[in-house]
Amino acid sequence: MNNTWIVFEGEDGINDIFDEVKNKSKKHKRDDALVPFKTKTDKNQYEDFSGVVGAFSRIMSDTPAKKSLDIAVFKKNMREKMGDCTDEDFEVLFQIVENLYFENGKLLPINAKTLSYIDCNISQQQVAEYLYSLFVDSTPLKDLYKLMTAAEDTNILERLVFDSLESESNDVGISITNADCFLPYVKDVFGKDFEILTKDTVVYQNNINRFLAYYYMFYVSQLAVKLSKFEKGNRNEIEKIYLTLYEEVVTKVRPGYEYGWKYVKDKLSHMFSHSVVMEMLSHNVEGKHMDYIAFYDRFNGSGDDEKVSSEIYDIKEKYMEWITMDYSGCKHDEEKDSLCKTSNEVRRLFDVIDFQFINGGRRSHYNGYNKKYIEFVQKNFGKFRGIYGYTLSIHESDIVMFTRIILQEHDGRIRLAKLFDEFEKRGLLFDRESKKRIVDLYEKMNLLEKRSDSGDAQYVKYIL
């Protein structure tokens, strides 16, 4: 009888990882529910987030995923729906449909419904499933989305187009990858903001690409920093990561340099090791998928602490036998130890795994794991600052989007200081110089309402 908390033996036991026959190539399993990263670097990028929006929209609308849009099949479906129409008249009508709704064989995004027909690659699909699983699953947001698209104005011709698209027979199923949301403060603001977007189909359609891209960047960046704190992380406290505006000049003394992308990228570099550790520890009798904070909460002061810590020690020893190298340079900082022995052993396991990747000639998978995400951030939220490298930066249009959303949540008017508090809840943390530029933007747009000379008495009013 197995009296361990970690499952070592049997089907799905952790010993299979270290089995020289079952795992000849010494392949590391990773926690696919932690982040949608893969060690394999291929051409399936998600720098362009439109494919993610397409996949996300299909999940939200329960539209089966298309292998591809075949115009000939679409035309045939449309013709079958117009039996009383002559071939000559149909050709004229189809020419009109092609001109109005298609470009280079692709459906134009004429409304929110058409977003479900944007093609995607496998990486974009995985990111979309991840975002759905993190923020939407088991919430009312999917119902709100369906209400929005059901209420969307469509004329007779558009309805014919959609009916012809939906009757294609080359559908493939959608499988949702389960991801646990470890940061409730991100899920909370995502839900509020997404609900606001669904109140207006035009606003939704114009903003959903940037909105989803931002929340993906926000969540994963926060997660990377949170994991670096192990059990000392606070699940309800936002990590202070500074952003700058794309249009401004940034110097080395600004927080946006030291505590922006440079800070996040350093924490991201260890994400593969975190993922390997969390996958190993998911082999437990309780079937729990836990982060470091959850391990501390579960075992600190518990009667199982000693036993489970020794089991994790055994995993570490097995690992060092499995990947043989000189581990003498792997130092564990005992000053960071807590009273929870399990948490201390989890960190020691991480130290060994991370040391092996960095020093054992296996850097390619380690670095490749974060590559697509880094490229995505630098393309969409990065500004290259010469010798300072990239900073995390957003455009003035992003400020306008989030200002509009927050104002709608606050009945069209909010105190300026409160608005910056709301920004911070969304990871939009700025230093004094960036805040001044944002205030200048509001003044240019005539959005500021002053009650007195005091900054505290300034209000931002609704954006038309």
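Please refer to the structure higher up on the page.
Residues numbered from 1 in each chain as written. Predicted model: local features only at pLDDT ≥ 70, side-chain atom pairs only at ≥ 80, totals over all residues. Heavy atoms only, no water.

1. Some remarks on the pairing of strand 10 (residues 458-461)
Strand direction decides the pairing type here: strand 8 (residues 413-415) and strand 10, joined by 3 bridges, are antiparallel. Of the residues in strand 10, the one forming a bridge with Arg-415 is Tyr-459. Two elements, strand 9 (residues 448-450) and strand 10, share 3 bridges in a ladder whose sense is antiparallel. Looking at strand 10, one finds that Lys-450 is bridged to Gln-458. (Pairing = 2+ DSSP bridges. Helix = DSSP H or I, 4+ residues; strand = E, 2+ residues; numbered from the N terminus.)

2. Examining helix 9 (residues 255-268)
Over its 14 residues, helix 9 extends 19 Å from the first C-alpha to the last, a length consistent with the 20 Å expected when each residue adds 1.5 Å. Bending of helix 9 peaks at approximately 35° at the position of Lys-262. The set of residues buried in helix 9 consists of Gly-256, Tyr-257, Gly-260, Trp-261, Val-264, Lys-267 and Leu-268. Its buried side turned inward, helix 9 meets helix 8 (201-228), strand 5 (244-245), helix 10 (271-281), helix 14 (363-380) and strand 7 (390-394). (Expected span 1.5 Å × (residues − 1). Bend = angle between axes of the 7 residues up to and from the residue. Buried < 20%, exposed > 50% of the residue type's maximum accessible area, 1.4 Å probe, protein only. Contact = heavy atoms within 4.5 Å.)

3. Quick look at the pattern of salt bridges
Scanning the entire structure with this criterion turns up 38 salt bridges. Two residues, Lys-226 and Glu-239, come together in a salt bridge whose shortest N-O distance is 2.8 Å. Taken together, the residues span a long stretch of sequence, with Lys-226 in helix 8 and Glu-239 in the loop between helix 8 and strand 5 at a distance of 13 residues. An identical accessibility class is assigned to Lys-226 and Glu-239; each is buried. For Glu-409, the salt bridge is made with Arg-426, and the minimal N-O distance between the two is 2.9 Å. Remark: Arg-426 occurs in the loop between helix 16 (416-425) and helix 17 (432-444) and Glu-409 occurs in helix 15 (residues 396-409); sequence separation between them is 17 residues. Looking at Arg-426, the relative accessible area reads 0%, which means it is buried. (Salt bridge = Lys/Arg side-chain N within 4 Å of Asp/Glu carboxyl O.)

4. Some details on unusual backbone geometry
At Asp-12, a position not held by glycine, the phi torsion is positive, near 65°. The residue Phe-230 is not glycine, and still its phi comes out positive at about 50°. Assignment of secondary structure puts Phe-230 in the loop between helix 8 and strand 5. Given the relative accessible area of 10%, Phe-230 is considered buried.

5. Remarks on the sheet that holds strand 9
Here we have 3 strands laid out as an open sheet, ordered 8-10-9, and antiparallel in their pairing. Where the open sheet ends on each side, the last strands, each with one partner, are strand 8 and strand 9. Here the average twist between neighbouring strands, direction ignored, is 30°. (Axes fitted to C-alpha atoms, helices over the stretch in contact; angles between N-to-C directions.)

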